[in-house]
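Below are the chains, spelled out letter by letter.
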Amino acid sequence: GRTNTRKGEHDMKENLGAHIAALRKTKGMTQEQLAAVLGISAPAVSKWETDSSCPDITLLCPLARALGTNLDTLLQFEETLTDEQIAEHINQIIEAGRAKGKEPAEELLQELLHQYPASVPLKYNAVAVLTMFEMIFPEVPEEQKAKWKQQKKELLEYIRVNGTAVYCEQAVMQLASMALMEDELEKGEQFLKEIPEYTTDTTMLWAQLYLKREDKDKALEVIQKRLFTLVCQMQNCLLLLADGKVQPDAEKGLEICEVYRRMEEVFGCTAGMSDGIFAEVLLRAGEKEKALESIVRFVDAITGQVQVPNPLLFSAAVKIKEGQEASSKEMRKMILEGMLTDESVAELRDDEQFQAALGRLRASI
């Protein structure tokens, strides 16, 4: 019994330093600032975080308060969250937001983050929730949106420093995207340089492993998942190629759109979405009637049921529930807002077909 107790104390000591550092960074405090709050020297904090020494027992409660947590959490006497539990909590938060409003949903999220301050998967999902808040509550003041954005940055920075390779890479990608959106180009470039330009594709090795185990279904699934990912990436590249800033020649833009449509027909991925891209390029080309036809087809696609990707290529990997909507309510809200305010479609708004499409889109929301 004594040996096990000593082992537990040793494990806690080994983890405590990294845990203090993670909590401090989440609070946005330097070692010097934390030391000043506790009335000790900065080197003392540094020694804690490198596991060279442990905090004196009389400092544990003040330390927990300074780091915005409690003593049990500081000493890591907390339960871990499974992926299923995280998903359940996130769904509860989103439902609370839709049913009760912003304040109850945000309170639930902050309480959860406070309860599990070292959970990287939770923080990663919390970033997505804060993004959802911006879509669910578009009427909130800009000051509130700025707070959410700042918290997202703090959560992503924590993941970048403390997360596993997969979470870290995803966090850096989002930080790079946010920096570029805010025209912080140097910072965005620094983040992008942290991401490996090419990652090793292990699909063939996984397939080989499953085939050696005579598990053909697993081999098929891993190949199809990789193919689905690659197709989606190719479609994203085509979207970028068709963008007016990249390809100002509208005729060439239409040719690229045609390639995208052929991919839809072959693979069945994002079926119907090409009409949204066609409409933008057709408007640039001055083809207003054809653009209107594309907009109508696009609205029909996003308000209908999702099309099942080509079963020959994706039957094992991509599971589509019967009757599943082609797009989320939040996405349809954003598209409706664009159709109502975008200057590029101003000349089409009085058209009966356009108004009918608007009506169908509103009804779907």
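The model shown is predicted, which means the values in this text are computed figures rather than measured ones.

Spacing of three or four residues puts side chains on the same side of an α-helix, whose turn is 3.6 residues. Here helix α8 (residues 120-136) is 17 residues long and its end C-alpha atoms lie 24 Å apart, about the 24 Å a rise of 1.5 Å per residue gives. Here α8 starts with a cap whose side-chain oxygen sits 3.2 Å from the backbone nitrogen of Leu-122, and that cap is Ser-119.

Along the polypeptide, Glu-330 turns up in helix α18 (residues 329-341). Of the polar contacts made by the side chain of Glu-330, one reaches the side chain of Arg-98; its length is 2.9 Å. Here Glu-330 is in contact with Arg-98, Met-132, Met-135 and Ile-136, once residues within four sequence places are set aside.

Here we take up helix α15 (residues 274-284). Counting buried residues in α15 gives eight out of 11 residues, a clear majority hidden from the surface. The complete set of buried residues in α15 reads Ser-274, Asp-275, Ile-277, Phe-278, Ala-279, Val-281, Leu-282 and Leu-283. Where the residues of α15 are buried, they touch α13 (216-242), α14 (250-267) and α16 (288-303). Taken from the residues just after α15, Gly-286 is the one with a positive phi, measuring 80°.

Okay, a nonpolar patch on the surface next. Taken together, the side chains of Leu-180, Leu-185 and Leu-192 make up a nonpolar region of the molecular surface, amounting to roughly 270 Å² of accessible area. Among the structural elements, Leu-185 can be located in helix α11 (residues 185-194).

Before going further, it helps to spend a moment on the pattern of salt bridges. This model, assessed by the stated rule, comprises 20 salt bridges. Here Arg-98 ties to Glu-95 by a salt bridge, and the two come within 3.6 Å at their closest N and O atoms. In this pair, Arg-98 and Glu-95 are both assigned in helix α6 (residues 83-100), three residues apart and thus about one turn of the helix distant. Residue Lys-145 pairs with Glu-142 through a salt bridge whose shortest N-O separation is 3.6 Å. With Lys-145 and Glu-142 both in helix α9 (residues 142-162) and three residues apart, the pair spans about one turn of that helix. Each of Glu-95, Arg-98 and Glu-330 takes part in a single network of salt bridges with overlapping partners.

So, on to the packing of aromatic side chains. According to the stated counting rule, one finds six aromatic pairs in the structure shown. Three or more aromatic residues joined by ring pairs form one cluster here, namely Phe-133, Phe-137 and Trp-148. For the cation-ring pair, Lys-123 lies above Tyr-158, with the distance from its terminal atom to the ring centre recorded as 4.5 Å. The ring of Phe-278 carries the charged tip of Arg-261 above its face, separated from the ring centre by 4.1 Å.

A separate point is the environment of Lys-27. Following the sequence through the fold, Lys-27 ends up in the loop between α1 (2-26) and α2 (31-38). Among the residues examined, Lys-27 registers a relative accessible area of 44% and is labelled partly exposed. Sequence spacing of Lys-27 and Cys-257 is 230 residues, and the spatial spacing of their C-alpha atoms is 47 Å. In this structure Lys-27 touches Ala-66, Leu-67 and Gly-68, once residues within four positions along its chain are discounted.

Our focus in this paragraph is the nonpolar core. Ile-295, Met-339, Phe-354 and Leu-361 are the most contacted members of the largest nonpolar core, which totals 36 residues. Of all the secondary structure elements, the ones that give two or more residues to this core are α13, α14, α15, α16, α18 and α19 (352-364). At seven residues, the largest contribution of residues to this core is made by α16. Here Ile-295 is in contact with Ala-279, Met-339, Val-345, Leu-348 and Phe-354, once residues within four sequence places are set aside. Core analysis: the second largest hydrophobic core is formed by 34 residues, Ala-105, Leu-112, Val-129 and Leu-130 among them.

Looking now at the layout of surface pockets. Of the pockets and cavities examined, the largest pocket occupies roughly 760 Å³. For the lining of the largest pocket, the secondary-structure elements that each account for two or more residues are α13, α15, α16 and α18. By residue number, the principal contributor to the lining of the largest pocket is α15, which donates seven residues. When grouped by side-chain class, the residues that make up the lining of the largest pocket number 16 nonpolar, six polar and four charged.

Moving on: the environment of Lys-252. Along the chain, Lys-252 turns up in helix α14. With 38 residues separating them along the chain, Lys-252 and Lys-290 place their C-alpha atoms 16 Å apart.

Turning our eyes to something else, we now look at the packing of α9 against helix α10 (residues 165-181). Direction vectors running N to C along α9 and α10 enclose 145°, while the axes themselves pass 8 Å from each other. Once α9 is placed against α10, the crossing between them reads as left-handed. For the pair formed by α9 and α10, the contact residues are Lys-149, Lys-152, Lys-153, Leu-156, Glu-157, Ile-159 and Arg-160 on the first element and Tyr-167, Cys-168, Ala-171, Val-172, Gln-174, Leu-175 and Met-178 on the second. Among the residues forming the contact of α9 with α10, the class breakdown is eight nonpolar, one polar and five charged.

What counts and how
- Residues numbered from 1 in each chain as written.
- Predicted model: local features only at pLDDT ≥ 70, side-chain atom pairs only at ≥ 80, totals over all residues.
- Heavy atoms only, no water.
- Helix = DSSP H or I, 4+ residues; strand = E, 2+ residues; numbered from the N terminus.
- Expected span 1.5 Å × (residues − 1).
- Polar contact = N/O pair within 3.5 Å; in protein donor to acceptor, adjacent residues only side chain to side chain.
- Contact = heavy atoms within 4.5 Å.
- Buried < 20%, exposed > 50% of the residue type's maximum accessible area, 1.4 Å probe, protein only.
- Patch = residues over 30% accessible without salt bridge, like charges linked within 9 Å, V, L, I, M, F, W, Y side chains within 5 Å.
- Areas by Shrake-Rupley, 256 points an atom, 1.4 Å probe, with all protein chains shown as cover.
- Salt bridge = Lys/Arg side-chain N within 4 Å of Asp/Glu carboxyl O.
- Phe/Tyr/Trp six-rings, centres within 6.5 Å; stacked < 30°, edge-to-face > 60°.
- Lys NZ or Arg CZ within 6 Å of the ring centre and 35° of its normal.
- Core = buried A, V, L, I, M, F, W, Y, C linked by side-chain atoms within 4.5 Å.
- 1 Å grid on protein atoms, 1.4 Å probe; cavity = no way out; pocket = protein on both sides within 12 Å on 5 of 7 lines; lining within 4 Å.
- Points joined across faces, edges and corners; volume = space filled by probe spheres on them.
- Nonpolar A, V, L, I, M, F, W, Y, C, P; charged D, E, K, R; others polar.
- Axes fitted to C-alpha atoms, helices over the stretch in contact; angles between N-to-C directions.
- Left-handed = near helix turned anticlockwise from the far one by under 90°.

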